[in-house]
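# Summary of the model geometry
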Amino acid sequence: MNSDSDTFSTPPPAICLTEVIVRLAKPHERRRRDVLTDRHHNLGFKRFAGRGMRYMFEWRGYWIGLAGWQSGAFKCRPRDRWIGWTRTLQFSRPKLIGNNTRFLALATPGVFPDLASHALAAMTQTLSAEWQAEYGHPLLLAKTFVEPDRF
């Protein structure tokens, strides 16, 4: 890690994704996580709209990535068409959809190969149960969007 920045720019020795811990941010870490996301994510970050969960990816105690999930938007034509919900259901169920609104690797591309896939898999394995514990109901669907021109 660079001493004057929050990101890795050279590969650390012996990368092993089994050493990467993907977990919810602790209450005392949330402010730092939000500041880093705002500083380094191309869309920035101010706050969640509605319910939200903050995740960290750690390697040997270093934060190497951050992610945020929030309740689904009321309308998303491709999603709504794919799910097949009626208009009434569509407006009553966004709280049952987890929307990955921010995903940030705190490293130069290629430093932690396959980190995104590893982290998304880990989060989606626990997201619904963690949402249930926090908000009293599980999620039925987790979704994310990728800008193919950028990633």
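Everything here concerns the structure above.
A short tour of the structure in this document, coming up. These figures come from a predicted structure and were not determined experimentally.

In this section: the packing of aromatic side chains. Under the definition given, this model contains two aromatic pairs. Relative to Phe103, the ring of Phe57 lies with its centre 5.3 Å away and its plane at 45°, an arrangement referred to as tilted. On the criterion of sequence distance, the pair formed by Phe57 in strand E2 (residues 52-59) and Phe103 in strand E4 (residues 97-105) is long-range, its members being 46 residues apart. Note on Phe57: relative accessible area 0%, which makes it buried. Residue Phe103 is classed as partly exposed on the basis of its relative accessible area, which comes to 23%. The interplanar angle of 50° and the centroid separation of 4.9 Å between the aromatic rings of Trp131 and Tyr135 together place this pair among those described as tilted. With Trp131 and Tyr135 both in helix H4 (residues 115-135) and four residues apart, this pair spans about one turn of that helix. According to the relative accessible area criterion, Trp131 is buried, its value standing at 0%. The ring of Trp63 is capped by Arg32, whose NZ or CZ atom sits 3.9 Å from the centre of that ring.

Let us now look at the pairing of E4. The element E4 is largely enclosed, with a buried count of seven among its nine residues. Note: strand E3 (residues 62-71) against E4, seven bridges, orientation antiparallel. From the neighbouring strand, Ala67 faces E4, where its bridge partner is Phe103. One ladder, built from four bridges, connects E4 with strand E5 (residues 141-144); its direction is parallel. If you follow Ile97 over to E5, its bridge partner there is Leu141. Taken together, E4, H4 and E5 constitute a β-α-β crossover, and its handedness is right-handed.

A few words on the sheet that holds E3. Ordered by their spatial adjacency, five strands build an open sheet running E1-E2-E3-E4-E5, and the pairing between neighbours is mixed. Two strands in the sheet have a free side with no partner beyond their single neighbour: strand E1 (20-24) and E5. For this sheet the average axis-to-axis angle between neighbouring strands, irrespective of direction, equals 25°. Here E1 pairs with E2 via five bridges, running antiparallel. Bridged to Val20 within E2 is Trp59. Packed onto the sheet, helix H1 (residues 30-40) meets E2, E3 and E4 and runs at close to 90° relative to E3. Relative to the sheet, H4 contacts E1, E2, E3, E4 and E5, its axis offset from that of E2 by approximately 140°.

Here we take up H4. Helix length check: H4, at 21 residues, gives a terminal C-alpha distance of 28 Å against a target of 30 Å (1.5 Å per residue), a fit within 8%. Remark: the principal bend of H4, roughly 45°, maps to Leu127. The complete set of buried residues in H4 reads Leu115, Ala119, Met123, Leu127 and Trp131. For H4, the secondary structure elements touched by its buried residues are E1, E2, E3, E4 and E5. Phi for Gly136, located one or two positions after H4, is positive at around 85°.

Conventions used here
- Residues numbered from 1 in each chain as written.
- Predicted model: local features only at pLDDT ≥ 70, side-chain atom pairs only at ≥ 80, totals over all residues.
- Heavy atoms only, no water.
- Phe/Tyr/Trp six-rings, centres within 6.5 Å; stacked < 30°, edge-to-face > 60°.
- Helix = DSSP H or I, 4+ residues; strand = E, 2+ residues; numbered from the N terminus.
- Buried < 20%, exposed > 50% of the residue type's maximum accessible area, 1.4 Å probe, protein only.
- Lys NZ or Arg CZ within 6 Å of the ring centre and 35° of its normal.
- Pairing = 2+ DSSP bridges.
- Right-handed = clockwise from strand over helix to strand, strands pointing away.
- Axes fitted to C-alpha atoms, helices over the stretch in contact; angles between N-to-C directions.
- Contact = heavy atoms within 4.5 Å.
- Expected span 1.5 Å × (residues − 1).
- Bend = angle between axes of the 7 residues up to and from the residue.

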